[in-house]
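Structural characterization, general
Here is what each chain is made of, one letter per residue.
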Amino acid sequence: MISKSDLKALLATPQKIVITTHHKPDGDAMGSSLGLYCYLIQKGHHVTVITPTDYPDFLHWMPYHTSVVIYTEEQAKAQQLVAEAALIFCLDFNTLSRINELGECIRNTDAVKVMIDHHLDPEDFDDFRHWDINACAAAQLVYDFIVNVLEDESYVNKEVATCLYTGIMTDSGSFRFPSATSDVYRIAACLIDKGAEHWRIHQLVYDNSSENRIRFLGHCLSHKLEILRDFNTALITVDKDELVKFDVQTGDTEGIVNYALSINGIKLAAFIVERKDKVKLSLRSTGDFPANEICKKYFNGGGHRNAAGGQSDTNFEDTIQQFKAILPEYKVQLLQ
Ligand code: 5GP
Ligand code: MN
């Protein structure tokens with residue numbers, strides 16, 4: 001580990017820096033990464049954001065997003081940037097398995113690794129850690145890192161503010177989860193003062209769906225939603241043929257699980273999707289029901305108590321059955 005003053009000294013002169021975030025990046029992954037990017041370039045650093053995979057269309061308006069290097073599309077370039085970097089910022093994840101092949105490249109470099117994250121159980125691969133599971137978003141921690149660790153609030157310009165607001169808005173469920181504390185609202189107010197146009201960001205992220213996505217959502221809700229009242233659980237399952245039929249793109253499935261959770265009395269919601277290479281699960285819960293425990297114990301995953309994910313080793317049908325078979329173990333908590 002290095003100290004705060006060592007890190008500040010390192011950042012006092014221009015450095016080659018890589019920022020990376022988890023695969024299938026969401027609003028917080030991109031918001032925290034591009035927010036930090038917009039800060040660091042003002043300080044004269046040579047910075048590249050590398051994402052392990054591509055990111056949804058509804059984030060394709062963010063400042064500097066066209067400069068992002070997507071590992072799966074530019075592998076050699078990404079590897080070279082990692083090899084040359086003096087500093088690597090790891091944002092919105094804390095285990096190297098969350099960034100696929102890129103994880104081993106990063107493990108094997110001598111660069112100083114800085115983790116800025118809000119997930120449970122961090123792996124010990126970093127040299128400096130700004131980590132808090134109570135933060136509603138990694139973007140909140142990037143704000144705190146710039147303002148309180150680096151004491152550089154004057155560099156939170158309109159672009160930094162726009163990116164960080166996006167991360168906080170998306171990861172806090174538009175400021176409605178318990179993690180959206182009064183401090184988070186104060187940070188949001190500060191970001192608006194710095195130039196973040198909250199109404200425009202909301203519109204660009206949430207009112208920007210393709211016609212296909214809305215029709216796919218309708219299909220999921222009308223035909224694929226199953227309610228298991230005995231367990232206060234709802235699930236939506238989608239196979240790979242349906243993904244093709246509705247031309248489902250990266251990010252189109254995001255948030256669908258929340259509709260299942262919004263049904264009255266439902267405590268646990270699951271979205272199970274058959275992707276090309278694996279079956280992926282997204283779980284959401286209310287109150288103190290630990291969705292992450294199910295993901296960790298049974299589906300090689302993890303996450304937050306109320307929002308977690310994982311994947312299955314078995315096929316689509318068996319995964320659905322396995323999920324249903326787990327519910328009796330949690331019956332008491334689900335019916336509380
Ligand atoms: P989503 O359901 O949106 O894919 O993921 C929700 C949350 O669950 C993410 O923010 C992340 O914290 C966690 N998560 C999703 N998939 C995985 C996974 O495969 N492994 C781990 N450790 N966490 C995951
Ligand atoms: Mn996050």
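Heads up: these notes are all about the structure in this document.

Conventions used here
- Residues numbered from 1 in each chain as written.
- Chains lettered and ligands numbered in written order.
- Predicted model: local features only at pLDDT ≥ 70, side-chain atom pairs only at ≥ 80, totals over all residues.
- Heavy atoms only, no water.
- Donors = N, O, S within 2.8 Å, 3.2 Å for Na, K, Ca; no water.
- Helix = DSSP H or I, 4+ residues; strand = E, 2+ residues; numbered from the N terminus.
- Buried < 20%, exposed > 50% of the residue type's maximum accessible area, 1.4 Å probe, protein only.
- 1 Å grid on protein atoms, 1.4 Å probe; cavity = no way out; pocket = protein on both sides within 12 Å on 5 of 7 lines; lining within 4 Å.
- Points joined across faces, edges and corners; volume = space filled by probe spheres on them.
- Nonpolar A, V, L, I, M, F, W, Y, C, P; charged D, E, K, R; others polar.
- Core = buried A, V, L, I, M, F, W, Y, C linked by side-chain atoms within 4.5 Å.
- Contact = heavy atoms within 4.5 Å.
- Near = heavy atom within 4 Å.
- Polar contact = N/O pair within 3.5 Å; in protein donor to acceptor, adjacent residues only side chain to side chain.
- Areas by Shrake-Rupley, 256 points an atom, 1.4 Å probe, with all protein chains shown as cover.
- Pairing = 2+ DSSP bridges.
- Axes fitted to C-alpha atoms, helices over the stretch in contact; angles between N-to-C directions.
- Salt bridge = Lys/Arg side-chain N within 4 Å of Asp/Glu carboxyl O.

Some remarks on the coordination of the manganese ion (ligand 2)
All of the protein donors around the manganese ion (ligand 2) are D28 (OD), D92 (OD), H118 (NE2) and D171 (OD); their distances to the metal are 2.1 to 2.4 Å. One chain supplies every donor to the manganese ion (ligand 2), and in sequence these donors are spaced D-x63-D-x25-H-x52-D. Remark: H118 occurs in the loop between β5 (112-117) and β6 (128-131) and D28 occurs in helix α2 (residues 27-42); sequence separation between them is 90 residues. Here D28 matches H118 in class, with each residue buried.

Some details on unusual backbone geometry
Within the chain, K24 stands out as a residue other than glycine whose phi angle is a positive 45°. By the element assignment, K24 lies in the loop between β1 (16-21) and α2. Notably, D247 is not glycine yet its phi reads approximately 50°, a positive angle. Within the secondary structure layout, D247 lies in the loop between α10 (240-245) and α11 (256-261).

Side note on the layout of surface pockets
Estimates place the volume of the second largest pocket at around 640 Å³. Lining the second largest pocket are 19 residues; nearest its centre among them are K24, T250, R275, K276 and D277. Per-element accounting of the lining of the second largest pocket gives the leading share, three residues, to α10. Across the lining of the second largest pocket, the residue classes tally to three nonpolar, eight polar and eight charged.

A short note on the nonpolar core
If you look at the biggest cluster of nonpolar residues, it comprises 57 residues, and the most contacted ones within it are I19, L36, L40, F89, F145, I168 and L191. It is helix α5 (residues 138-149) that provides the largest number of residues to this core, a total of eight residues. L40 has contacts with L11, I17, I19, H45, V47 and F89, leaving out every residue within four places of it along the chain. Core analysis: the second largest hydrophobic core is formed by 22 residues, L268, L281, F289 and L327 among them.

Brief notes about the site of ligand 1
Near ligand 1 you find 14 residues, and of these H119, K280, S282, R284 and Q311 are the closest. At 2.7 Å from an oxygen atom of ligand 1 is found a side-chain nitrogen or oxygen belonging to H119. For ligand 1, an oxygen atom lies 3.2 Å from a polar atom in the backbone of G309. For ligand 1, the protein covers 80% of the area, taking 500 Å² as the surface of the free molecule. Those elements that place two or more of their residues in the shell around ligand 1 are β10 (279-285), β11 (302-303) and β12 (307-312). Ranked by residue count, the leading element in the shell around ligand 1 is β12, at five residues. Of the residues belonging to the shell around ligand 1, the class tally is two nonpolar, nine polar and three charged.

Quick word on the sheet that holds strand β2 (residues 46-51)
Pairing within the open sheet is parallel, and its six strands lie in the order β3-β2-β1-β4-β5-β6. Both edges of this open sheet fall to β3 (69-70) and β6, since each of them pairs with a single strand only. As paired strands, β1 and β2 are joined by five bridges and run parallel to one another. Bridging across to β2, V18 finds its partner in T48. The strands touched by α5 within the sheet are β4 (87-91), β5 and β6, with β6 carrying the most contacts at an inclination of about 120°.

So, the pattern of salt bridges
Applying the stated criterion across every chain, the model contains 18 salt bridges. The partner of D152 in a salt bridge is K43, with the nearest N and O atoms 2.8 Å apart. Here D152 is found in the loop between α5 and α6 (158-171), whereas its partner K43 is found in the loop between α2 and β2, with 109 residues between them in sequence. D152 sits in the buried class, given a relative accessible area of 12%. Looking at K43, the relative accessible area reads 29%, which means it is partly exposed. A salt bridge links E104 to R107; its shortest N-O distance comes to 3.2 Å. In this pair, E104 and R107 both sit in helix α4 (residues 102-107), three residues apart, roughly one turn of the helix.

Focus: the environment of F93
Along the chain, F93 falls in the loop between β4 and α4. The spacing of F93 and H22 is 71 residues in sequence and 5.8 Å in space, taken between C-alpha atoms.

Considerations on the environment of E242
Assignment of secondary structure puts E242 in helix α10. Using a relative accessible area of 11% as the deciding quantity, one classes E242 as buried. Spatially, the C-alpha atoms of E242 and V273 are 9.7 Å apart, while their sequence positions differ by 31 residues. Not counting residues within four places of it along the chain, the set of residues in contact with E242 comprises H219, K224, T237 and V248. A polar contact is formed between the side chain of E242 and the side chain of H219, at a distance of 2.8 Å. From its side chain, E242 meets the backbone nitrogen of D239 in a polar contact 2.7 Å long.

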